[in-house]
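The chain contents come next:
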Amino acid sequence: HLAIAVVNWLATLLAAPHSLPRMDFSKGIPPEARTLAIVPTMLVSSRNIVDLVEALEVRFLANRDKNLHFGLLTDFPDASEEILRSDEPLLLLARRRIEELNEKYGNAKGDTFFLFHRSRQWNPLEGVWMGYERKRGKLAELNSLLRNGLRDRFSLVVGNTAVLLDVKYVITLDTDTQLPRDSAGQLVGAMAHPLN
C-alpha cells in the first residue's frame, strides 16, 4: 500500500493532466454517434432489481438524449444447477421494470431502455453453472449483438434492438457508478473527436 501511494503521489508531481479534445455535443448527441450506456451486473434479488432499474432511470434523467440508450447486461449468480426456482420470477420482474421504463419515457425512434440477459453455462474448471466469462463475456456478447445483430447468446432481450444496430459507442458503467448530469454527451464528444 505504501509503494502504491508513493507511486501515485510521484505521478501527480511528474505528469500534468491535459484535457482531451472533444466535440461540442451540448445540443445533443448526433445520430452518427448513437451511444448505449450499459451496466453489466447480476440479478440477485427483487430488491437488487428494483435498485438497478431505479439507478438506470436516474442516469437517464440526468442524461436525456434521443440518441442515448440505457441497458442492463445481466446474468444470474453462480449455482450448482443451470436453473434455480428463483430465477424465473427475478427475470420476469426485471423484464417488467424495463418495459415500464420504455412505456413511461416512450421514444418515437425506438426504445430507450434494454435488458440483455444470459443463461448460466457449465464451467468444468470451476465445477459450477455460471455466466460465460462473467463481465468480459457479457461485454463481448453485447458487442456481437451490436455489430452483427446476433441475439442467440442471450436468453432474453427486452426492447426493440433495431435502433441499436446504429450504436457507435458503448459507455460501460459499474453497478455503483453514477452518470452525472450531461456527462454522457461529454464522454461521447471526447470519443468522437478525430484526434482521440
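Residue positions are counted from 1 within each chain, in the order its sequence is given. Side-chain atom pairs in this predicted model are given and counted only at pLDDT of 80 or more, local residue features only at pLDDT of at least 70, and totals for whole chains, interfaces and linings cover all residues. As a rule here, side-chain values come from all non-hydrogen atoms in the structure, and water together with hydrogens is ignored.

Undergrad: Explain the environment of Asn 107 here, please?
TA: Secondary structure elements are taken from DSSP: a helix is a run of H or I of four residues or more, a strand is a run of E of two residues or more, and numbering for both begins at the N terminus. Among the structural elements, Asn 107 can be located in the loop between α3 (87–104) and β3 (113–117). Judged by its relative accessible area of 24%, Asn 107 is partly exposed. As a C-alpha pair, Asn 107 and Lys 66 span 41 residues in sequence and 7.5 Å in three-dimensional space. The contact partners of Asn 107, leaving out residues within four places of it in the chain, are Lys 66 and Thr 112. Buried residues are those whose accessible area, probed at 1.4 Å on protein chains only, stays under 20% of the maximum for their type, while exposed residues exceed 50% and partly exposed ones sit between those limits. In this analysis, two residues are considered to be in contact whenever any of their non-hydrogen atoms come within 4.5 Å of each other.

Undergrad: Would you mind showing me how to read the side chain of His 117 here?
TA: Along the chain, His 117 turns up in strand β3. Looking at His 117, the relative accessible area reads 1%, which means it is buried. Between N or O atoms, a polar contact is any pair within 3.5 Å; within protein, one atom must be a potential hydrogen donor and the other a potential acceptor, and residues adjacent in sequence are included only when both atoms are from side chains. Among the polar contacts listed, one links the side chain of His 117 to the side chain of Thr 74, at a separation of 2.8 Å. Apart from the residues within four sequence positions on either side, His 117 is in contact with Leu 43, Thr 74, Asp 75, Phe 76, Leu 91, Phe 154, Ser 155 and Leu 156.

Undergrad: Honestly, the packing of aromatic side chains in this entry has me stumped. Any pointers?
TA: Here a ring pair, both rings aromatic, is described through the centre-centre distance and the interplanar angle of the planes. Pairs were defined over the aromatic rings of Phe, Tyr and Trp, the Trp ring being its six-membered one, requiring ring centres within 6.5 Å. Orientation was assigned from the angle between planes: stacked under 30 degrees, edge-to-face over 60, tilted for the rest. Taken as a whole, this structure holds eight aromatic pairs when the rule is applied. Aromatic pair Phe 114 and Phe 116: ring centres 6.0 Å apart, planes at 15°, arrangement stacked. A single burial state applies to Phe 114 and to Phe 116, both of which are buried. One aromatic cluster is present, formed by Phe 60, Phe 70, Tyr 105 and Phe 113 through successive ring pairs.

Undergrad: Quick question: what am I supposed to make of the pairing of strand β7 (residues 169–172) here?
TA: For a regular strand, side chains alternate in direction, first toward one face of the sheet and then toward the other. Covered by surrounding structure in β7 are Tyr 169 and Ile 171 only, the residues Val 170 and Thr 172 on the alternate face being uncovered. Only when DSSP finds a minimum of two bridges between them are two strands counted as paired. With four bridges connecting them, strand β1 (residues 35–42) and β7 associate as parallel partners. Within the sheet, the bridge partner assigned to Thr 35 lies in β7 and is Tyr 169.

Undergrad: Honestly, a nonpolar patch on the surface in this entry has me stumped. Any pointers?
TA: The grouping of Leu 2, Val 6, Trp 9, Leu 10, Leu 13 and Leu 14 at the surface amounts to a nonpolar patch, some 690 Å² of accessible area in total. Relative to the helices and strands, Val 6 is located in helix α1 (residues 2–14). The partly exposed category is assigned to Val 6, whose relative accessible area is 38%. Grouping into patches uses exposed residues only, defined as over 30% relative accessible area, and leaves out salt-bridged ones; the cut-off is 9 Å for like charges and 5 Å for nonpolar side chains (Val, Leu, Ile, Met, Phe, Trp, Tyr). For the accessible areas, the method is Shrake-Rupley and the probe is 1.4 Å, while residue cover comes only from the protein chains on display. In what follows, salt bridge is the name for a side-chain nitrogen of Lys or Arg lying within 4 Å of a carboxyl oxygen of Asp or Glu.

Undergrad: Could you clarify how one ought to interpret the sheet that holds β1 in this entry?
TA: For sheets, the rule is that strands pair by backbone hydrogen bonds, running either parallel or antiparallel. Taken together, five strands build an open sheet; the order of strands is β6-β3-β2-β1-β7 and the sheet is mixed. In this open sheet, the two strands that pair with only one neighbour each are β6 (156–158) and β7. Ignoring which end each strand starts from, the neighbouring axes of this sheet average 20° apart. Sheet topology note: the β3/β6 ladder contains three bridges and is antiparallel. Paired with Leu 115 across the bridge in β6 is Val 158. Each of β1, β2 (68–75), β3, β6 and β7 is contacted by helix α4 (residues 134–148), which is oriented at about 145° to β1, the strand it contacts most. Against the sheet, helix α5 (residues 183–192) contacts β1, β2 and β7, and its axis sits at roughly 130° relative to β7. Under this scheme, a helix contributes an axis fitted over its contacting stretch, all axes are lines through C-alpha atoms, and angles between N-to-C directions fall in the 0 to 180 degree range.

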